[in-house]
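# Descriptive analysis of the structure
Listed below, chain by chain, are the residues.
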Amino acid sequence: AGDGSIDLACLPEEIRSYSRSPAVQSFSLTDHRQKKRAQAAQKERQKIITLLAKFGANVSRVAREMGVSRNTLYRKMKRYGIER
């Protein structure tokens, strides 16, 4: 755009004439955040499982390795359905 701002007329016809079909889902920031949280939780769950295996189910060692208290680790294990 010559004047420094882009408006609808500056866009190509295929973009201007685009109509959303019912199959196209709108982007939701909430959905994106929930997906990111779920991915982080899955990663943390896997880390706990891996460390429990590495340290022979020694919760104190796993908690120390993760930099959290044993109580916090027990809470996370309960949340993720991890038994030792």
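Small disclaimer: the values here were computed from a predicted structure and weren't measured.

Criteria and thresholds
- Residues numbered from 1 in each chain as written.
- Predicted model: local features only at pLDDT ≥ 70, side-chain atom pairs only at ≥ 80, totals over all residues.
- Heavy atoms only, no water.
- Core = buried A, V, L, I, M, F, W, Y, C linked by side-chain atoms within 4.5 Å.
- Buried < 20%, exposed > 50% of the residue type's maximum accessible area, 1.4 Å probe, protein only.
- Helix = DSSP H or I, 4+ residues; strand = E, 2+ residues; numbered from the N terminus.
- Contact = heavy atoms within 4.5 Å.
- Axes fitted to C-alpha atoms, helices over the stretch in contact; angles between N-to-C directions.
- Parallel < 35°, antiparallel > 145°, perpendicular 65-115°, else oblique.
- Left-handed = near helix turned anticlockwise from the far one by under 90°.
- Nonpolar A, V, L, I, M, F, W, Y, C, P; charged D, E, K, R; others polar.

On to the nonpolar core, then. Nonpolar side chains in soluble globular proteins generally cluster together in the buried interior. Grouped together as the largest cluster of nonpolar side chains are twelve residues: Ile-48, Leu-51, Leu-52, Phe-55, Val-59, Val-62, Ala-63, Met-66, Leu-73, Met-77, Tyr-80 and Ile-82. Of all the secondary structure elements, the ones that give two or more residues to this core are α2 (29-54), α3 (59-66) and α4 (70-80). Here this core takes four residues from α3, the largest share from any one element. Excluding residues within four positions of it along the chain, Phe-55 makes contact with Arg-61, Val-62 and Glu-65.

At Ala-57, a residue that is not glycine, the phi angle is positive and equals roughly 65°. Looking at the secondary structure, you find Ala-57 in the loop between α2 and α3.

Time to look at the environment of Gly-56. Take Gly-56: it is sitting in the loop between α2 and α3. Classification of Gly-56 by relative accessible area gives exposed; the value is 60%. Note: C-alpha distance between Gly-56 and Arg-84 (28 residues apart in sequence) is 9.1 Å.

Between α2 and α3, the least distance of the axes is 9 Å, while the angle of their chain directions is 130°. Looking at the two axes, α2 sits oblique to α3. Here α2 and α3 pass one another in a crossing that is right-handed. Facing α2, whose interface residues are Glu-44, Lys-47, Ile-48, Leu-51 and Leu-52, α3 presents Val-59, Val-62, Glu-65 and Met-66. A breakdown of the residues in the contact of α2 with α3 according to their chemical character gives six nonpolar, no polar and three charged.

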